[in-house]
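# Understanding the architecture of this molecule
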Amino acid sequence: MSYNLTLAETESYLRKAARACGLEWGIAEEAGKAARWLAAFNLPGPEILFAHLQYLKDRDYRGLIPNCSAQPWQSSDGVLCPIITGAALADRSAQMLEGKKFELGSTAYPLLLAATVGQAARCHRTVFTTAWAGVRVSCFENGLSIAGNRDDLLLPEVDAVSCYQDDLSTAQQLPSTLAYQIDSNTFKCINELAFETYAPATEESRAGAGAGLTDND
Amino acid sequence: MQDCADNNPVPAAAAYRRSPEVVMRLARMGSFHQTRLSFMRTLLRRLKKEDWKFKRNLWAIDEQGFGRAVYTVYGPERTYSLVAFAHDLPDDMRSDRVIATAWDATFTLYDGIPGEADLDRLEQNVPKQEAGRISDSELSLSRANRSVRLWQHVIECLSQGRQPDRDQLEAVGYLMRTTAVYGSGKFGAADRLTIAERPELSGPFQAELLSVWLTRAFSIDLVEHIASVRGGGQAVSIDPELRRRIGVGNSTGLGMAPFLINHPALLNNWMMAREEALARVRSLAQATPASIDEFKQHFEHARFNVSQWHSQHPIQIEKLKALASDLEQMAGYIDSESLGDDHPWDRFYRWAEDNRSLEGQEQLVSLLLEPYGELVDELTQCMDADEHLSFFIDGAMSLARLREIIEKQCEWALKVDYDQPQNRARFWYTSAEKLEPRVGERFEDSGAEYELPLGVGFDIKQLHAALRSWNDGPTTAEFLLAHPEHRHTARRVQNLASHPFAEIQDNLIAADMLPIDILRCKLSFFGATKFDPRSDRWVRICMYQDAPFPYELLVAAS
């Protein structure tokens, strides 16, 4: 059974799910955008983000911070978080415009990292490519292309990732969609996570929400 | 908006713009009135200009008034259809709360003309609203309840061959009152991107407001249908002039309040368009007799409207008293002052700013725009936003610059002492019961740990405090890596540099914050009138009162 999610819903549910797993709001926003961006190209961004969030839950942020002065980047946790690291790379995207190539060590779900950095490509109106194992994912202003071995696309962890500005004006971009088919059980789990950000109803909240007046007038 | 500013045909207007510090205050935003830039009016202007056509393609309503109907508008490139379902709703289930589960009528705006199979699919889902599921062929989802008293009165009169009582009709102003009108990817509806490149729907809320306009027509058809069944040959239809006075109601609450906070770039563009329009009119050295006449007509209409605008809420009662007095004083000003020369509208505005209440000042803002469609209507093209661009964080920005933006543009946030309980008394959260935003009392209610990041002023002050332990050298990127808890706020602060009207410059978690001020601001941009708060967080309004009906504005489709 699958469930048809709109892109707006994809972003909203995954942002909340990320928040429920302990990410700060600003990082959770990046996670929602990355999931939406991948879903728009029919890639399983929501599913791999959900899988990664299971790993993140209750983990200390300090262990996840990339050491950006190391070559390659590393975290004390051992594996770089693709959302936190992707956001840090997006924040440094101006350096990629100047030709800098970022090298990362062990990284979880590099496709999520590519999508998070990819948000910056849209703003700079350029192409940022993220490469790992045998595959390269390039994010354009409004598109995405994949080169190399697609079997490596969804790897849950890789030893090395590089990220750089690219010139790929002729690359074949993936077709995009405005709705995403997700497995019903996975969606149920994501929805349950998102639900953890909602406050249980109290008498006060019920009393305060509406006018409390009859509508029979 | 940047392009709009660069191409400004009235450079002199710059000197007349009001500052964000003046405009972005809740008390003022909560006194806004609809303008000719409001989204309903933009929609109807376009439909008229482009010669859209109209047809009621289906009317399968039974003698009790239950069944389905389809209203279609035909544009130059595309067609859209309101699909309406009329239901049998017992009185004890009629609630204006968003947590209701059944309604007198439910609606969706279909992208095209629905076939029988679509209608059957929609009938399985639309009446359930949030509990159902629509598809990317649908652009909105909404519901409405009858105004019971007026509904019965109108049916009784029409079925007996009489016109309804004008006073009673105008006191309510509508036959049906919508509650939520959902769009953009909600409950399976088409994503915003589906319509983002369609000129007729790319402006804010155009699909939703098209559905509401057609809902108004449906409400009148339904009441006349029932009267006709009941009265047979003696039944009459509503007099056309009286019919115009019937709008469509809306009852809305906290659910829509966070929208303006969650869409800062959009809010900025709405505000800047409105402010630029006012500045353009104020910058005019003279006014022609024709413009003055047009202004006076609209002024008289505003005076009539305030006499028809009723509220039982103490805050709005006081505001309406002030508005009535403002309009009387303005009438005196109009009689005694020359409106022809010497920057007449600027003089008038400044007089109002010095002498009249916020309600009156903002009413005048709306009226000043009325004679100047050619000068200001183009600004409606600047009222959407590429929100992706404002999502981007410039990590290379120095902390000195980040601090400078806060200190220059967020004094309103820094000056608040959040150690005082009344300044942190509230928190915004999403209710698990209805998945809608709510406001709680931080020191009384449980649930503050679920707080949404909508206490913008507090967050900005926290960010500013955290920056104290950093010197000016490092970049925003370095700071945010160490302090991810400030990331969402840094995003907003950076956005302010290019979007000066992006933030409400008031404390959104203060004990005395009135959510209805946020609602009124947003609804005035929609084009709503007759704001009637039912509490500090719940308001009834009227939409499309006096507007033409589809069969009046548009040509009949064959």
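Residues numbered from 1 in each chain as written. Chains lettered and ligands numbered in written order. Predicted model: local features only at pLDDT ≥ 70, side-chain atom pairs only at ≥ 80, totals over all residues.

## Comments concerning the overall build of chain A
The helix and strand inventory of chain A stands at nine helices and eleven strands. A compact globule built from 217 residues would reach a C-alpha radius of gyration of about 17 Å, and chain A, at 19 Å, matches this within 12%. C-alpha atoms of chain A, sized along the principal axes, occupy 65 × 40 × 35 Å. Residue burial in chain A is summarised as follows: out of 217 residues, 51% are buried. (Helix = DSSP H or I, 4+ residues; strand = E, 2+ residues; numbered from the N terminus. Rg over C-alpha atoms; globule rule 2.2 N^0.38 Å. Buried ≥ 20, exposed ≤ 12 C-beta atoms within 10 Å, placed from the backbone.)

## Side note on the nonpolar core
In terms of nonpolar packing, the biggest core is built from 223 residues, with Ala17 and Ala31 of chain A touching the most fellow members. Looking at this core, the element that brings in the most residues is helix H9 (residues 206-231) of chain B, giving twelve residues. Here alanine 31 of chain A is in contact with Leu14, Arg15, Ala18, Leu23, Leu49 and Ile83 of chain A, once residues within four sequence places are set aside. (Core = buried A, V, L, I, M, F, W, Y, C linked by C-beta atoms within 7 Å. Contact = placed C-beta atoms within 7 Å.)

## Some remarks on helix H8 (residues 184-195) of chain A
Every α-helical turn comprises 3.6 residues, leaving residues that sit three or four positions apart pointing alike. All names here are of chain A. Given a rise of 1.5 Å per residue, twelve residues ought to cover 16 Å, and the 16 Å separating the end C-alpha atoms of H8 matches this to within 8%. Those residues of H8 lying buried are Phe187, Ile190, Leu193 and Ala194. Taken end-on, H8 shows its buried residues confined to a sector of 120 degrees, consistent with a single buried face. H8 presents Ser184, Asn185, Lys188 and Glu192 as exposed residues on the side facing more than 90 degrees away from its buried surface. Those residues of H8 that are buried are in contact with strand E1 (2-6), helix H1 (7-20), helix H3 (45-56) and strand E11 (179-183). (Expected span 1.5 Å × (residues − 1). Arc of directions from axis to C-beta.)

## A short note on the sheet that holds strand E12 (residues 555-556) of chain B
The strands that make up a sheet pair up through hydrogen bonds in the backbone, lying either parallel or antiparallel. Residue and element names in this part refer to chain B. Strand order across the open sheet formed by ten strands is E10-E11-E7-E6-E5-E4-E3-E2-E1-E12, with mixed pairing between neighbours. Two strands close off the open sheet at either side, each with one partner strand: strand E10 (529-535) and E12. The sheet contact formed by strand E2 (residues 67-74) and strand E3 (residues 79-86) spans eight bridges and is antiparallel. Counterpart to arginine 68 in the pairing with E3 is phenylalanine 85. (Pairing = 2+ DSSP bridges.)

## A few points about the interface of chain A and chain B
Facing the 41 residues of chain A at the interface are 55 residues of chain B. Where the side of chain A that touches chain B is concerned, the elements lending two or more residues are E1, H1, helix H2 (25-40), helix H5 (82-91), helix H7 (110-124) and helix H9 (203-209) of chain A. The biggest single contributor to the side of chain A that touches chain B is H2 of chain A, with five residues. Of the residues in the side of chain A that touches chain B, the class split is 21 nonpolar, ten polar and ten charged. (Nonpolar A, V, L, I, M, F, W, Y, C, P; charged D, E, K, R; others polar.)

## A short note on the confidence of the model for chain B
Put simply, chain B has an average pLDDT of 94, and 98% of its residues get 70 or more. For this predicted complex, the interface confidence comes out at an ipTM of 0.95, alongside a pTM of 0.95. (pLDDT = per-residue confidence, 0-100.)

## Considerations on the packing of helix H6 (residues 148-159) of chain B against H9 of chain B
All names here are of chain B. Contact geometry for H6 and H9: axes closest at 8 Å, N-to-C directions at 45 degrees. Here H6 is positioned oblique relative to H9, judged by the angle of their axes. Seen along the crossing, H6 lies across H9 with a hand that is right-handed. Listed contacts from H9 to Trp151, Val154, Ile155, Leu158 and Ser159 of H6 are Val223, Glu224, Ile226, Ala227, Arg230 and Gly231. Taken together, the residues of the contact of H6 with H9 sort by class into seven nonpolar, two polar and two charged. (Axes fitted to C-alpha atoms, helices over the stretch in contact; angles between N-to-C directions. Parallel < 35°, antiparallel > 145°, perpendicular 65-115°, else oblique. Left-handed = near helix turned anticlockwise from the far one by under 90°.)

## Focus on unusual backbone geometry
Residue and element names in this part refer to chain A. A cis geometry characterises the amide bond from glutamine 71 onward to proline 72, with omega recorded as -10 degrees. As for its position among the elements, proline 72 is in the loop between strand E2 (66-67) and strand E3 (74-75). Positive phi, normally seen in glycine, also occurs at aspartate 58, with a value near 65 degrees. With respect to the helices, strands and loops of the structure, aspartate 58 is situated in the loop between H3 and helix H4 (61-64). Although it is not a glycine, tyrosine 109 adopts a positive phi angle of roughly 35 degrees. Relative to the assigned elements, tyrosine 109 resides in the loop between strand E5 (107-108) and H7.

## Let's talk about the sheet that holds strand E10 (residues 161-166) of chain A
All names here are of chain A. With antiparallel pairing, five strands are arranged side by side in an open sheet as E4-E10-E6-E7-E8. The two strands at the open ends of the sheet, each matched to only one other strand, are strand E4 (102-104) and strand E8 (144-148). Direction aside, the axes of adjacent strands within the sheet are offset by 20 degrees on average. Most of the contacts of H7 go to strand E6 (residues 127-132), to which it runs at about 165 degrees, and overall it touches E6, strand E7 (135-139) and E10.

## A few points about the environment of alanine 279 of chain B
Inspection of the secondary structure assignment puts alanine 279 of chain B in helix H12 (residues 264-282). The sequence separation of alanine 279 of chain B and valine 365 of chain B amounts to 86 residues, and the corresponding C-alpha distance is 9.8 Å.

## Some thoughts on H12 of chain B
Here H12 of chain B is 19 residues long and its end C-alpha atoms lie 26 Å apart, about the 27 Å a rise of 1.5 Å per residue gives. Burial within H12 of chain B is extensive, with 19 of its 19 residues counted as buried.

## Quick word on the pairing of E8 of chain A
Residue and element names in this part refer to chain A. Two strands pair when backbone bridges link them, and E7 and E8 are joined in this way by five bridges, in the antiparallel orientation. Residue pairing for E8: arginine 136 is matched across the bridge by alanine 147. What sits between E7 and E8 in their antiparallel hairpin is a turn of four residues.

## Topic: the packing of helix H4 (residues 39-49) of chain B against H9 of chain B
Residue and element names in this part refer to chain B. Where H4 meets H9, the axes come as close as 10 Å, and the angle between the chain directions of the two elements is 80 degrees. In terms of orientation, H4 lies roughly perpendicular with respect to H9. Residues Phe39, Met40 and Leu43 of H4 form the contact with H9, whose participating residues are Gln206, Leu209 and Leu210.

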